[in-house]
Amino acid sequence: MKHGQMQVGFNWIFILIAGAVILLFFAGIVIKQKDVSEKTLSIDVVTTLDSIFTAAQVSDKTTNIIPLGGLSKETLQFDCEDGVSEFSLLDQSFRETNSIDPLFAQAELQGNQLLLLSLPYNFPYKIQNFLMLSTPSVLHIIVGKTNQEFLEEFLNQTKGFNVKYLADGDLEQIDVGANNHVRIIDLDGGNIVSGTSTPQSLSSLSDHQVTAVSFSGKTVTHYNRKGNTWNNNGDTPLLSIPGTRDAAKYGAIFAGNSRVYWCNMEKTLTRINHLNLIYDSKVDQMISYYDQKGEFICKSIVEDVKSTMDQYNSYVSICKPGTCEGLTDRAEGIRELNTKLRTQSCSVQLY
Amino acid sequence: MKRAQMEMIGLVIIVILITLGLLFITIFAVSGDGGRKIFTQKGIASSTMSALMKTTIEDCDEPLLSLEKDLLDECAQNYEFIKSSSGYSCDGKNSCDYLNDKINELLEDTLASRGYKYQFESELIELGSKETKTIIGPITNKGGCPFGRGNREPSGPFYLSAGGRQVRSQLFICG
Amino acid sequence: MKKAQIRMTETVAVIFIFLILVVIGIVFFSKYQEGATQEKVHEQFVKQAQEITTKLLYSPELTCTRGEAESESFCFDLMKVHAAQEAFKDDYYFDIFSFARVTVNQTYPEKKGWILYERKKPEYTKVTPTYFTLSLKDLGAGHKGEAAYRYGFVKVEVFG
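Residues numbered from 1 in each chain as written. Chains lettered and ligands numbered in written order. Predicted model: local features only at pLDDT ≥ 70, side-chain atom pairs only at ≥ 80, totals over all residues. Heavy atoms only, no water.

Draft legend 1. Looking closely at the overall build of chain B. A tally of helices and strands in chain B yields four helices and seven strands. From first element to last, N terminus to C terminus, chain B shows the α and β order α-α-β-β-α-α-β-β-β-β-β. Relative to a compact globule of 175 residues, whose C-alpha radius of gyration would be 16 Å, chain B shows 28 Å and is clearly more extended. Along the first, second and third principal axes, the C-alpha set of chain B runs to 105 × 35 × 20 Å. Residue pairs at least 24 apart in sequence account for 60% of intrachain contacts in chain B once pairs closer than 6 positions are excluded. Surface summary for chain B: the accessible area is close to 9300 Å², and the carbon and sulfur share equals 56%. Computed over 19 positive and 22 negative side-chain charges, the separation of the two mean positions in chain B equals 15 Å. (Helix = DSSP H or I, 4+ residues; strand = E, 2+ residues; numbered from the N terminus. Rg over C-alpha atoms; globule rule 2.2 N^0.38 Å. Contact = heavy atoms within 4.5 Å. Areas by Shrake-Rupley, 256 points an atom, 1.4 Å probe, with all protein chains shown as cover. Lys, Arg positive; Asp, Glu negative; His and termini not counted. Charge placed at Lys NZ, Arg CZ, Asp CG, Glu CD.)

Draft legend 2. Spotlight on the packing of helix H4 (residues 258-293) of chain A against helix H2 (residues 78-87) of chain C. Packing of H4 of chain A against H2 of chain C brings their axes to within 9 Å, and their N-to-C directions diverge by 130 degrees. Compared by their axis directions, H4 of chain A and H2 of chain C come out oblique. Considering how the two elements wind past one another, H4 of chain A and H2 of chain C form a crossing that is right-handed. Contacts between H4 of chain A and H2 of chain C involve Leu-277, Ile-278, Tyr-279, Ser-281, Lys-282, Gln-285 and Met-286 of chain A from the first element and Met-79, Lys-80, His-82, Ala-83, Ala-84 and Ala-87 of chain C from the second. Considered class by class, the residues forming the contact of H4 of chain A with H2 of chain C number eight nonpolar, three polar and two charged. (Axes fitted to C-alpha atoms, helices over the stretch in contact; angles between N-to-C directions. Parallel < 35°, antiparallel > 145°, perpendicular 65-115°, else oblique. Left-handed = near helix turned anticlockwise from the far one by under 90°. Nonpolar A, V, L, I, M, F, W, Y, C, P; charged D, E, K, R; others polar.)

Draft legend 3. Quick peek at the interface of chain C and chain B. In this complex, chain C contributes 42 residues to the contact, which on the side of chain B involves 36 residues. Together, the buried faces of chain C and chain B total about 3400 Å²; carbon and sulfur atoms form 68% of this surface. Looking at the side of chain C facing chain B, the largest losses of area belong to Phe-28, Tyr-108 and Tyr-151 of chain C, adding up to 22% of the total buried there. In this assembly, chain C and chain B are joined by three salt bridges. Asp-109 of chain B is the salt-bridge partner of Lys-111 of chain C, the closest N and O atoms lying 3.8 Å from each other. Applying the counting criterion to the chain C and chain B interface returns eight residue pairs in polar contact (both at pLDDT 80 or more). Only helix H1 (2-57), strand E2 (100-108), strand E4 (127-138) and strand E5 (148-159) of chain C provide two or more residues apiece to the side of chain C that touches chain B. (Buried area = accessible area lost by both parts, 1.4 Å probe. Salt bridge = Lys/Arg side-chain N within 4 Å of Asp/Glu carboxyl O. Polar contact = N/O pair within 3.5 Å; in protein donor to acceptor, adjacent residues only side chain to side chain.)

Draft legend 4. Inspection of the interface of chain C and chain A at higher detail. In this complex, chain C contributes 39 residues to the contact, which on the side of chain A involves 43 residues. Together, the buried faces of chain C and chain A total about 3300 Å²; carbon and sulfur atoms form 62% of this surface. On the chain C side of the interface with chain A, the three residues burying the most area are Glu-68, Met-79 and Tyr-92 of chain C, jointly 19% of the side's total. Summed over the shared surface of chain C and chain A, the result is three salt bridges. With its nearest N and O atoms 3.6 Å apart, the salt bridge here joins Asp-44 of chain A to Lys-40 of chain C. Counting across the chain C and chain A interface gives twelve residue pairs in polar contact (both at pLDDT 80 or more). Of all the secondary structure elements, the ones that give two or more residues to the side of chain C that touches chain A are H1, H2 and helix H3 (94-97) of chain C. Broken down by element, the side of chain C that touches chain A gets its largest block of residues, 15 residues, from H1 of chain C. Grouping the amino acids of the side of chain C that touches chain A by side-chain chemistry returns 16 nonpolar, eleven polar and twelve charged.

Draft legend 5. Spotlight on the confidence of the model for chain B. Averaged over all residues, the pLDDT of chain B equals 86, while 91% of them reach at least 70. Considering each helix and strand of chain B separately, the mean pLDDT is smallest for helix H1 (residues 2-30) of chain B, with a value of 80, and largest for strand E1 (residues 56-57) of chain B, with 96. (pLDDT = per-residue confidence, 0-100.)

Draft legend 6. Here's a closer look at unusual backbone geometry. The linkage connecting Phe-123 of chain A with the following residue, Pro-124 of chain A, adopts the cis geometry, with an omega of -15 degrees. For Phe-74 of chain C, which is not glycine, the phi torsion reads 55 degrees and is therefore positive. Tracing the sequence through the fold places Phe-74 of chain C in the loop between H1 and strand E1 (75-77). With a phi close to 55 degrees, Glu-123 of chain C is a non-glycine residue in the positive phi region. In this fold, Glu-123 of chain C is placed in the loop between strand E3 (112-118) and E4. Residue class for Glu-123 of chain C comes out exposed when judged on its relative accessible area of 79%. (Buried < 20%, exposed > 50% of the residue type's maximum accessible area, 1.4 Å probe, protein only.)

Draft legend 7. Region of the structure containing the pattern of salt bridges. The full count for this structure, using the stated rule, is 32 salt bridges over all chains. For the salt bridge of Glu-72 of chain C with Lys-54 of chain B, the shortest nitrogen-to-oxygen distance reads 3.0 Å. One end of the pair, Glu-72 of chain C, is in the loop between H1 and E1; the other, Lys-54 of chain B, is in helix H2 (residues 41-54), on a second chain. Across the salt bridge formed by Arg-119 of chain C and Asp-91 of chain C, the nearest N and O atoms sit 2.8 Å from each other. Here Asp-91 of chain C lies in the loop between H2 and H3 and Arg-119 of chain C lies in the loop between E3 and E4, a separation of 28 residues in the sequence. Each of the salt bridges in this network shares a partner with another, and the network as a whole consists of Glu-80, Glu-126, Lys-133 and Arg-165 of chain B.

Draft legend 8. How the structure looks around the sheet that holds E3 of chain C. Residues and elements named next belong to chain C. Taken in spatial order, the five strands line up as E1-E4-E5-E2-E3 in an open sheet, and their pairing is mixed. The open sheet has two edge strands, E1 and E3, and neither has a second partner. Each adjacent strand pair in this sheet contributes to an overall mean axis angle of 30 degrees, direction not counted. Alignment of E2 against E5, held across eight bridges, turns out to be antiparallel. Considered in E5, the bridge of Ala-100 is made with Val-158. (Pairing = 2+ DSSP bridges.)

Draft legend 9. Molecular detail of the layout of surface pockets. Quantified by volume, the largest pocket comes out at close to 680 Å³. The wall of the largest pocket is formed by 33 residues, among which Glu-72, Lys-137, Glu-146, Ala-147 and Tyr-149 of chain C lie closest to the centre. At the level of elements, H2, strand E2 (65-66) and helix H3 (67-77) of chain B are the ones that each hand at least two residues to the lining of the largest pocket. Its residues placed into classes, the lining of the largest pocket shows eleven nonpolar, ten polar and twelve charged. (1 Å grid on protein atoms, 1.4 Å probe; cavity = no way out; pocket = protein on both sides within 12 Å on 5 of 7 lines; lining within 4 Å. Points joined across faces, edges and corners; volume = space filled by probe spheres on them.)

Draft legend 10. Summary view of empty space enclosed by the protein. All names here are of chain A. In total, this model carries five cavities of 30 Å³ or more according to the counting rule given. Of all the secondary structure elements, the ones that give two or more residues to the lining of the largest cavity are helix H1 (2-58) and strand E8 (126-134). Tallied by class, the residues present in the lining of the largest cavity amount to five nonpolar, five polar and four charged. Its boundaries defined by the atoms lining it, the second largest cavity holds a volume of some 80 Å³. As for the second largest cavity, its lining consists of 13 residues, of which Phe-78, Asp-79, Ser-85, Glu-86 and Leu-103 are closest to the centre.

Structure below.
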């Protein structure tokens, strides 16, 4: 009996040890694979989104709605610093960077759909497309009465986005509902003032979920809430010319803050710098062409274009918040001269 | 002993079966689709049609005519009596004959040389009638793209109004 | 004792066989992963080629303009093409086009070609060409100073 009792005992000890080792081995594999899977998912999501953004960006004036499905619980992070934007999944290390294409979005976006709006930025000729991102859980509230033309265009262009217009400008009427972010858009420039109280209706949201943007002349001011007051987080110039669809204004509306907005505008300024090399060469070719044809009126207009473009190039290279005076005028000047080429029936125009 | 030997054989058979199973799973899981077209044929069909229709022709008596707006338009308007009409003369041919040859040449340069199968046709549609008449083509390569052939991507129809009639031109590329 | 020894041997043998099965499983799994990774690398390469071609076709540095209206699709302005040969040498365009060679070829009326951009990847193992037919707008060369449209194609070769 004793012999048998010992044998049974040893058997059980042996089973326990062997079982524990095997279990730990497989548990280790599972945990490692889970980690690898999460990283792979993050990479897949971010690279797929990058492709979607590239495709959306090349299509002018389009709105795309991307259902996020299983990703609706994930938070997308967007940032831009020193002319390089990056986006990633929250708390994941893999990020996609882009130093070329302007992408305007809040710092964090979460929702069941991703809303993309692509608009061409003309200054005065097409520079590149701006891509604006949002989700249905970001509520955009527009206040202001003076700029009715822009208001109608904006409401029309952003069908599908969560946008409301408060005609009487009473911000206490805002119903946050299930939204996780409220962005107030002040088209007049007097409704949001730094240091004044933020609406009580937004008290259910935390500070980083309440932001505003205000337009006053050619200046854009972004605000965030600090405690219960509006905090000015920076003034930036609005680089746009009248008579064209104001993609720069759209960018300011969707950008999370002034740093992100200006960072993306810097990308555009860099692009203008490079694009102007092409247009400078085209101007020289046009002068030769009109000289050859003996069309001296057209040649004279193109020579004016050349000198305006030289000034335009200088202003582009020094443009920073506070030093962009004159840039918009030069862009407008080029547009007027190009129109003059058309009205004078000059066969070759700049754009 | 005999029983133990049988158990050992059983174990070995199980190992062999599992190994073979994993081998087959790995082979099928890893083998992917070999050739993959970089771009949709539809995109190439659209771009080719767009470029083709805009082309400025330099081979005619009249200077610098547009393939679609001038030559195709004249071919469509005067199709029934093109051989005797005194319209455009390009390389000694009337507009319809010239277009047949020229479009064939241009498509060969850009599509046939890349191995694409394609089919181009311009049809004349009388207003108020459903009947169509092919005035250019069908210009094909490698058997063309008859209806029902797999992966048949159209460029999208290009319409031209020609003196009370309509011309519909389309290019199909098939894989 | 003999019976116990046989039993122990039997148990050890079973565990040994089990471990062999696990090792075989791991070997096959890693082979599968390797194949899947290669597939993914190829997919990324194809995607990159597609993106580079898309960016090129819509690039404001090359596309034909119509004043304030939308650009003409599948059309390159020849004046811009001539300028781009020099301009695209800047490192800025590496961030857009990466390791690639971009050639524009005119097939009608005369055969001509321009290499707009070239950056070869050191020790590249594959080159994938993509072709797109397009119009080449020659401003002022048409009838009464209008534009003449030449016929040609763009070839984008991505190095992988």
